[in-house]
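What follows is each chain in one-letter form.
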Amino acid sequence: MAAPVALHLEFGGGAELLFSGQKEHHVTLPSQSEPWDMKQLLVWIQRNLLKERPELFVQGDSVRPGILVLINDADWELMGKLDYQLQDKDNVVFISTLHGG
């Protein structure tokens, strides 16, 4: 059984507006049979934190194009994207690069 995982989540570049304007969230993911990965985290975020317009944050089972994801200050594409197994005290940042004009 995988232990609970404490994470620091940050939303910026306008993405925080989808989360009631709150930029930082300290969350603890509950114990489960398998280790938590980024794909499962995105589902958890949708169910527990996302307040409005999910289509502006997710597309299919990933983040929508235009949202930069950093795991411990590294681009998630270098970390395995959806398959990255979350570690206790990881810092995950979502930054929207899409801006109206």
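Coordinates for the structure precede this section.
Bear in mind that the values here come from a model prediction, so they are computed numbers and not experimental data.

Caption draft 1: Examining the sheet that holds strand E6 (residues 74–75) more closely. Spatially, E2-E1-E7-E5-E6 is the arrangement adopted by the five strands of the open sheet, whose pairing is mixed. Strands with a single pairing partner mark the edges of an open sheet, and in this sheet they are strand E2 (24–29) and E6. Summarising the sheet, strand E1 (residues 5–12) and E2 pair through six bridges and their orientation is antiparallel. When the bridges of E2 are listed, Val5 appears paired with Leu29. Its contacts with the sheet place helix H1 (residues 38–48) against E1, E2, strand E5 (67–71) and strand E7 (90–96), and it is angled at close to 65° to E7.

Caption draft 2: Focus on the pattern of salt bridges. According to the stated counting rule, one finds three salt bridges in the structure shown. Taking the shortest distance from any N to any O, the salt bridge between Asp61 and Lys39 comes out at 3.2 Å. Here Asp61, found in the loop between strand E3 (58–59) and strand E4 (62–63), pairs with Lys39, found in helix H1; they are 22 residues apart in sequence, far enough to count as distant. Since its relative accessible area comes to 42%, Asp61 is described here as partly exposed. Judged by relative accessible area, which is 40%, Lys39 ranks as partly exposed. Linking Asp88 and Lys89 is a salt bridge whose minimum nitrogen-to-oxygen distance equals 3.5 Å.

Caption draft 3: Broad picture of the nonpolar core. The biggest cluster of nonpolar side chains holds 29 residues, and the ones touching the most others in it are Leu9, Met38, Leu41, Ile45, Phe57, Leu86 and Phe94. When residues of this core are traced back to their parent elements, those giving at least two are E1, E2, H1, E5 and E7. Ranked by the residues each element gives to this core, the list is headed by H1, at five residues. Sequence-distant contacts of Phe94, defined by excluding residues within four places in its chain, comprise Glu10, Phe11, Gly12, Ala15, Met38, Leu42, Ile45, Phe57, Val63, Ile67, Leu68 and Val69.

Caption draft 4: Geometry of the side chain of Ser62. Along the chain, Ser62 turns up in strand E4. Discounting chain neighbours no more than four positions away, the residues touching Ser62 are Leu42, Phe57, Trp76 and Leu82.

Caption draft 5: Molecular detail of the packing of aromatic side chains. Taken as a whole, this structure holds five aromatic pairs when the rule is applied. With centroids separated by 3.9 Å and ring planes inclined at 20°, the aromatic side chains of Phe11 and Phe19 adopt a geometry described as stacked. The same class applies to Phe11 and to Phe19, which are both buried. Chaining the aromatic ring pairs together yields one cluster made of Phe11, Phe19, Phe57 and Phe94.

Caption draft 6: Seen up close, the side chain of Glu16. Tracing the sequence through the fold places Glu16 in the loop between E1 and E2. Lys23 is the oppositely charged side chain nearest to the buried, salt-bridge-free Glu16, at an N-O distance of 4.3 Å. In terms of polar contacts, Glu16 uses its side chain to reach the backbone amide nitrogen of Gly14, at 3.0 Å. Residues within four places of Glu16 in sequence aside, it is in contact with Phe11, Gly21, Gln22 and Lys23.

Rules used throughout
Residues numbered from 1 in each chain as written. Predicted model: local features only at pLDDT ≥ 70, side-chain atom pairs only at ≥ 80, totals over all residues. Heavy atoms only, no water. Pairing = 2+ DSSP bridges. Helix = DSSP H or I, 4+ residues; strand = E, 2+ residues; numbered from the N terminus. Contact = heavy atoms within 4.5 Å. Axes fitted to C-alpha atoms, helices over the stretch in contact; angles between N-to-C directions. Salt bridge = Lys/Arg side-chain N within 4 Å of Asp/Glu carboxyl O. Buried < 20%, exposed > 50% of the residue type's maximum accessible area, 1.4 Å probe, protein only. Core = buried A, V, L, I, M, F, W, Y, C linked by side-chain atoms within 4.5 Å. Phe/Tyr/Trp six-rings, centres within 6.5 Å; stacked < 30°, edge-to-face > 60°. Lys, Arg positive; Asp, Glu negative; His and termini not counted. Polar contact = N/O pair within 3.5 Å; in protein donor to acceptor, adjacent residues only side chain to side chain.

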